[in-house]
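Structure at a glance
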Amino acid sequence: MSGIIDLKHTRVYQEAFQEGKLEGIAEAKAEAKAEAKAEGEVLGKLRSVPAMLALGASPEYIANALGLDIEEVRQIAQNQSQDNSGNKN
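How each quantity is defined
- Residues numbered from 1 in each chain as written.
- Predicted model: local features only at pLDDT ≥ 70, side-chain atom pairs only at ≥ 80, totals over all residues.
- Heavy atoms only, no water.
- Helix = DSSP H or I, 4+ residues; strand = E, 2+ residues; numbered from the N terminus.
- Rg over C-alpha atoms; globule rule 2.2 N^0.38 Å.
- Buried < 20%, exposed > 50% of the residue type's maximum accessible area, 1.4 Å probe, protein only.
- Contact = heavy atoms within 4.5 Å.
- Areas by Shrake-Rupley, 256 points an atom, 1.4 Å probe, with all protein chains shown as cover.
- Lys, Arg positive; Asp, Glu negative; His and termini not counted.
- Charge placed at Lys NZ, Arg CZ, Asp CG, Glu CD.
- Phe/Tyr/Trp six-rings, centres within 6.5 Å; stacked < 30°, edge-to-face > 60°.
- Core = buried A, V, L, I, M, F, W, Y, C linked by side-chain atoms within 4.5 Å.
- Patch = residues over 30% accessible without salt bridge, like charges linked within 9 Å, V, L, I, M, F, W, Y side chains within 5 Å.
- Salt bridge = Lys/Arg side-chain N within 4 Å of Asp/Glu carboxyl O.
- Expected span 1.5 Å × (residues − 1).
- Bend = angle between axes of the 7 residues up to and from the residue.

**A few points about the overall build of the chain**
- Of the regular secondary structure elements, the chain holds four helices and zero strands.
- The order of helices and strands in the chain, counted from the N terminus, is α-α-α-α.
- Over its C-alpha atoms the chain spans a radius of gyration of 25 Å, topping by over 25% the 12 Å that the globule rule assigns to 89 residues.
- Here the C-alpha coordinates of the chain stretch approximately 80 × 25 × 20 Å along the principal axes.
- Taking all 89 residues of the chain together, 15% fall into the buried category.
- Within the chain, residue pairs in contact and separated by at least 24 positions form 29% of the contacts whose partners lie at least 6 positions apart.
- Approximately 7100 Å² of the chain is accessible, and the part contributed by carbon and sulfur atoms is 56%.
- Taken as two groups, the 10 positive and 14 negative side-chain charges of the chain have centres that lie 5 Å from each other.

Structure representation (structure tokens):
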């Protein structure tokens, strides 16, 4: 066991360990950035749904055109119709 402990204290091991940590951090940052970009794109699409509904587009058409889940679009449409009916009273 002392051979393993001694290996961890070598300069080569320490440099390789540090390099691995840096690569892991860089990879995690890149993945987080890609996820944030994808989330931003979806949010942008979801924000355009009410305008498309107001223009008379069907939820099915909107989901297909924007590449969104039909249930998400239907939920937005339902919320929008509830908001509109609440504003009229």
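**Some details on the packing of aromatic side chains**
- Evaluation of the coordinates by the stated rule reveals one aromatic pair.
- Note on Tyr 13 and Phe 17: the rings are 6.1 Å apart at their centroids and 15° apart in plane angle, and the pair reads as stacked. In this pair, Tyr 13 and Phe 17 are both assigned in helix H2 (residues 11-54), four residues apart and thus about one turn of the helix distant.

**Digging into the nonpolar core**
- Grouped together as the largest cluster of nonpolar side chains are eleven residues: Leu 46, Val 49, Met 52, Leu 53, Ala 57, Ile 62, Ala 63, Leu 66, Leu 68, Val 73 and Ala 77.
- Counting only elements with at least two residues in this core, the list comes to H2, helix H3 (59-66) and helix H4 (70-88).
- For this core, the element with the highest residue contribution is H2, accounting for four residues.
- Once residues lying within four places of it in the same chain are set aside, the contact partners of Ala 63 are Leu 68, Asp 69, Ile 70 and Val 73.

**Points about a negative patch on the surface**
- Side chains of Glu 19, Glu 23, Glu 27, Glu 31, Glu 35 and Glu 39 sit close together on the surface and give a patch of like negative charge.
- Checked against the element boundaries, Glu 23 lands in helix H2.

**Observations regarding H2**
- An ideal rise of 1.5 Å per residue puts 64 Å on 44 residues; H2 measures up with 66 Å between its terminal C-alpha atoms.
- Of all bends in H2, the biggest is about 25°, found at Ser 48, and the proline Pro 50 comes one to four residues later.
- For H2, the complete set of buried residues consists of Leu 46, Val 49, Met 52 and Leu 53.
- Count one or two residues on from H2 and you reach Gly 56, which has phi positive near 100°.

**Quick look at the pattern of salt bridges**
- In total, this model carries three salt bridges according to the counting rule given.
- Linking Glu 60 and Arg 74 is a salt bridge whose minimum nitrogen-to-oxygen distance equals 3.0 Å. Note that Glu 60 is positioned in helix H3 and Arg 74 in helix H4, a separation of 14 residues in sequence.
- Among the residues examined, Glu 60 registers a relative accessible area of 41% and is labelled partly exposed.
- Judged by its relative accessible area of 36%, Arg 74 falls in the partly exposed class.

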